[in-house]
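Spelled out from the first residue to the last, the chains are:
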Amino acid sequence: MGLSDSENIIYQQVLKHVTDISLNLMAVKVEERPDDFTSWCRELHRLCADKLNYDLLEPEQLPVVKKLQATLEKGVSGNQLKMLRITPWPMFAGFIEEQKDVISLDERLRLLNFFEPLKETPLQELSNLDRLAFIGKHTSDHAPSTYDFDAEFFVSTKTNRLFQQQVEQRASEFADALAHIPLTGEVTLKDYQAFVSAYKAIFALDVDRQPSTEKAPLIPATRLLAMRRPDQFMAMSATKFDVLCSAFGCTRIGNYDFDGYWHEVIATMRTCPWWMAPEPEGDNEQQLWKYRAALVEVFHFADQYSPQSSNYLRLKERIANGNKATSQRSNVARKRTKESAEQIVDHRLQDEELPEFIKNKRDALIESVKNGKSVDEAIKLYQAIFG
């Protein structure tokens, strides 16, 4: 299997992590032997998730497995994004259709469709929940019956406290900034620069309207732009910037490089065959076409476990199970007998929707429960590490 320079870098990183768990991997039965690098990364990632015997791993090896999986995901993402530079529209749409289940396509489209009729409504006139969903923050108040999507698809802004505070206090100014981006037709550099100027002016003052030394963050701005014009802009996180810029052959840009976002990322995207393609026929493809820039996100790594990270599905499940039951589980006594811990874990593992690698970690879950964690806390931890 011949490797490009970028693939060889990933491969060497993989070898470094594999060395620490080589004895464990030797016990895994290998049936598929892919002959291309992307498939090879996917298969090794799957083996780590589903076939590795985690009961044989030492605690210090768990972070190694996580780093290995992250490296493999980067390898898959990088190659899939790199192909976008030469991908025609039929292949772009075909990939999305082929991967629709693992990328939660229907849920993503429900999010984009939800805001389609609200684009002409200024941010300050939206309900508080609609506004939070628009800017990328999902809360427990977003009832699944109304918000049947994860509001944090296409980049979450929930950890950017400054941005959240500014939107809460000065929504009308954000609306004025977004108004520089036309709802139809071409978005020009002049339009974008007018938005950036107005957006940065908001952060020149703190929430008390005193002069501020804080810089305007780019990542939340890309979220706003992608929701305003998902045919023209991608919502980007810090890690996705790194992978995308490498794949597109761009100069690496940071969280304050507004010029780089336009001249490196957006300008490169506009040279891609799939983006320049005329609007296709057929309702399904037309919907993908009008959201095509935002949907670049789905070319990052995803697998069968990815949909389970949806905030919408988690909240829906919690409501279905009953908040009272969840509360009772989380307040179980800190110390348990071995028998009670086994009963608790076995009962929870009867859930058919739990991934197989979680079900294979029964003994480890029992040990965690015996040490005071609730079974859901233990499952959440393993999913965070290996999911």
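About the thresholds
Residues numbered from 1 in each chain as written. Predicted model: local features only at pLDDT ≥ 70, side-chain atom pairs only at ≥ 80, totals over all residues. Heavy atoms only, no water. Helix = DSSP H or I, 4+ residues; strand = E, 2+ residues; numbered from the N terminus. Rg over C-alpha atoms; globule rule 2.2 N^0.38 Å. Buried < 20%, exposed > 50% of the residue type's maximum accessible area, 1.4 Å probe, protein only. Areas by Shrake-Rupley, 256 points an atom, 1.4 Å probe, with all protein chains shown as cover. Lys, Arg positive; Asp, Glu negative; His and termini not counted. Charge placed at Lys NZ, Arg CZ, Asp CG, Glu CD. Phe/Tyr/Trp six-rings, centres within 6.5 Å; stacked < 30°, edge-to-face > 60°. Arc of directions from axis to C-beta. Contact = heavy atoms within 4.5 Å. Polar contact = N/O pair within 3.5 Å; in protein donor to acceptor, adjacent residues only side chain to side chain. 1 Å grid on protein atoms, 1.4 Å probe; cavity = no way out; pocket = protein on both sides within 12 Å on 5 of 7 lines; lining within 4 Å. Points joined across faces, edges and corners; volume = space filled by probe spheres on them. Nonpolar A, V, L, I, M, F, W, Y, C, P; charged D, E, K, R; others polar. pLDDT = per-residue confidence, 0-100. Core = buried A, V, L, I, M, F, W, Y, C linked by side-chain atoms within 4.5 Å. Salt bridge = Lys/Arg side-chain N within 4 Å of Asp/Glu carboxyl O. Axes fitted to C-alpha atoms, helices over the stretch in contact; angles between N-to-C directions. Parallel < 35°, antiparallel > 145°, perpendicular 65-115°, else oblique. Left-handed = near helix turned anticlockwise from the far one by under 90°.

On to the overall build of the chain, then. On a plain count of helices and strands, the chain comes out with 20 helices and 0 strands. The C-alpha radius of gyration computed for the chain amounts to 23 Å, which stays within 12% of the reference 21 Å derived for 387 residues, consistent with globular compactness. Relative to its full complement of 387 residues, the chain shows a buried share of 48%. Summed over its atoms, the accessible surface of the chain is roughly 19500 Å², and 49% of this surface lies on carbon and sulfur atoms. When the 48 basic and 57 acidic side-chain charges of the chain are each reduced to a single mean position, those positions are 4 Å apart.

Counting across every chain of the model gives 24 aromatic pairs. Relative to tryptophan 40, the ring of tyrosine 11 has its centre 5.5 Å away and its plane inclined at 55 degrees; by these criteria the two rings are tilted. Here tyrosine 11, found in helix α1 (residues 5–20), pairs with tryptophan 40, found in helix α3 (residues 37–51); they are 29 residues apart in sequence, far enough to count as distant. Consider the rings of phenylalanine 195 and tyrosine 199, whose centres lie 5.5 Å apart with planes at 25 degrees: the pair is stacked.

Further remarks concern helix α15 (residues 311–321). Turning to α15, its buried residues are Asn311, Tyr312 and Leu315. The buried side chains of α15 occupy one side of the element, clustering within an arc of 100 degrees when seen end-on. Structurally, α15 contributes buried residues whose contacts are with α6 (105–115). One side-chain oxygen at the N-terminal end of α15 lies 3.2 Å from the backbone nitrogen of tyrosine 312; it belongs to serine 310. Just beyond α15, the residue with positive phi is glycine 322, at close to 95 degrees.

The final tally for this structure, using the stated rule, is 2 cavities of 30 Å³ or more. One number sums up the size of the largest cavity: a volume of about 50 Å³. Every residue lining the largest cavity is listed: Met234, Ala235, Met236, Lys240, Ala294, Val296, Glu297 and His300. Its residues assigned to classes, the lining of the largest cavity comprises 5 nonpolar, 1 polar and 2 charged. What lines the second largest cavity is Leu111, Leu112, Phe115, Glu116, Lys119, Met227, Pro230 and Tyr291. The greatest single-element share of the lining of the second largest cavity, amounting to 3 residues, is contributed by α6. Here the residues of the lining of the second largest cavity are counted per class, giving 6 nonpolar, no polar and 2 charged.

This part covers the confidence of the model for the chain. For the chain, the average pLDDT comes to 88, and 92% of its residues sit at 70 or higher. Within the model, pLDDT remains below 50 along residues 324–339, and this stretch shows 15 contacts once partners closer than five positions in the same chain are excluded.

Formed by 80 residues in total, the largest nonpolar core has its most connected members in Ile96, Tyr199 and Tyr261. Core analysis: the next-biggest nonpolar cluster, separate from the first, contains 21 residues, Ile10, Leu25, Leu57 and Val65 among them.

A few words now on the environment of isoleucine 344. As for its placement among the helices and strands, isoleucine 344 is situated in helix α17 (residues 338–348). Overall, isoleucine 344 belongs to the partly exposed group, its relative accessible area being 28%. With 30 residues separating them in the primary sequence, isoleucine 344 and serine 374 have C-alpha atoms 9.0 Å apart.

Between side chains of opposite charge, pairing is possible as soon as their charged atoms come close. Inspection of every chain in the model, using the stated rule, returns 12 salt bridges. Here glutamate 116 and lysine 119 are joined by a salt bridge, their closest N and O atoms 3.3 Å apart. In this structure glutamate 116 comes out as partly exposed when scored by relative accessible area, which is 31%. Arginine 170 is the partner of glutamate 173 in a salt bridge, and the nearest nitrogen-oxygen pair spans 3.0 Å. Separated by 3 residues within a single helix, glutamate 173 and arginine 170 lie in helix α8 (residues 161–178), roughly one turn from each other. On the basis of relative accessible area, glutamate 173 is assigned to the partly exposed category, the value being 22%. Take arginine 170: its relative accessible area is 2%, and that puts it in the buried class. Members of the salt-bridge network, linked through shared partners, are Arg108, Lys240 and Glu297.

One way to put it is that α8 packs onto helix α10 (residues 218–228) with a least axis distance of 13 Å and a crossing angle of 45 degrees. With respect to each other, α8 and α10 are oriented oblique. In the crossing of α8 with α10, the sense of the turn from one axis to the other is right-handed. Of α10, the residues touching α8 (which contributes Phe163, Phe174 and Leu178) are Pro220, Leu224 and Arg228.

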